[in-house]
Amino acid sequence: MTFRVAAAAFAASALIAAPAAADPVRGAIVSLQRELGVNTSLRVDVSQNHRYGRNDRRGQRLNQWGQSDREVSRLSRDALQACRRAVTQEAYRVGYRDVDFDDDRRVRQTGPYRFDIRYDDVEFEGRRREVESNVSCTVRRGNVAAVRGVPLPGRYGKKDKHGRADYGRYRY
């Protein structure tokens, strides 16, 4: 029950109990004046026991850019969605058929509207193989500025005669 409901219930009980508490003479009819005059008033005060009052902002913490926790969580959620969308589009553009994200992610705010996001062990599925990679991206004002870590499809694991990785280049 909120304070306003309790105050209304208390005020209603006071209006009903006042005529009942009067001790009328037997056989007399008790009547209430229903007209409210200039000097008629009913006042019920309800207060909280909170030390600083109801609308105190002491519990709201602001970060170094002047944003509340609620605002930061909304911005980071939007940045995560934009980053996932951009990674998926980049993977499709490169040639992967499916992208699977785990829940292992790190979000770091580096500016008032800038976030650096890192996904660990993102699985890229192609026609023949699956590749896992760590992907990171930078989001500024809701737009993805950079995506890093999307692997290129090719012959991974193949090395040339000097021990260097041969990423899809054919040598005869």
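Residue positions are counted from 1 within each chain, in the order its sequence is given. Since the coordinates come from a predicted model, pLDDT governs what is reported: local features require at least 70, and pairs of side-chain atoms require 80 or more to be given and counted, while whole-chain, interface and lining totals use all residues. Only hydrogens and water are set aside when side-chain values are computed; all heavy atoms of the structure are taken into account.

Caption draft 1: Quick peek at the overall build of the protein. In terms of regular secondary structure, the protein is built from 2 helices and 5 strands. The secondary structure elements of the protein, listed N-terminal to C-terminal, are α-α-β-β-β-β-β. For the protein, the proportion of its 172 residues judged to be buried stands at 22%. The contact criterion used throughout is that any non-hydrogen atoms of two residues lie within 4.5 Å. Looking at the protein alone, contacts between residues at least 24 apart form 44% of all its contacts between residues at least 6 apart. With residues, only the protein chains shown are counted as cover, and all accessible areas are computed by Shrake-Rupley using a 1.4 Å probe. Of the roughly 14,200 Å² of accessible surface on the protein, 46% is carried by carbon and sulfur atoms. We count a stretch as a helix when DSSP gives it H or I for four or more residues in a row; a strand needs E for two or more, and each element gets its number in order from the N terminus. The classification of residues rests on relative accessible area computed with a 1.4 Å probe and restricted to protein chains. Under 20% of the type maximum is buried, over 50% is exposed, and intermediate values are partly exposed.

Caption draft 2: Examining the state of the cysteines more closely. The disulfide definition used here is simple: a pair of cysteine sulfur atoms within 2.5 Å. Considering all chains together, one arrives at 1 disulfide under this definition. With its sulfur 1.8 Å from that of its partner, cysteine 83 forms a disulfide with cysteine 137. Judged by the torsion about the S-S bond (-135 degrees), the cysteine 83/cysteine 137 disulfide is left-handed. One end of the pair, cysteine 83, is in helix α2 (residues 69-94); the other, cysteine 137, is in strand β4 (residues 130-140), and 54 residues separate them in sequence. You can call cysteine 137 buried: its relative accessible area is 0%.

Caption draft 3: Quick look at the pattern of salt bridges. Salt bridges are defined by distance alone: a side-chain nitrogen of Lys or Arg within 4 Å of a carboxyl oxygen of Asp or Glu. Enumeration according to the criterion identifies 4 salt bridges in this entry. The partner of glutamate 90 in a salt bridge is arginine 93, and the shortest N-O contact between them spans 2.6 Å. On the criterion of helical spacing, the pair formed by glutamate 90 and arginine 93 is a turn pair, its members being 3 residues apart in helix α2. With a relative accessible area of 61%, arginine 93 lands in the exposed category. The shortest N-O distance in the salt bridge between arginine 106 and aspartate 120 comes to 2.9 Å.

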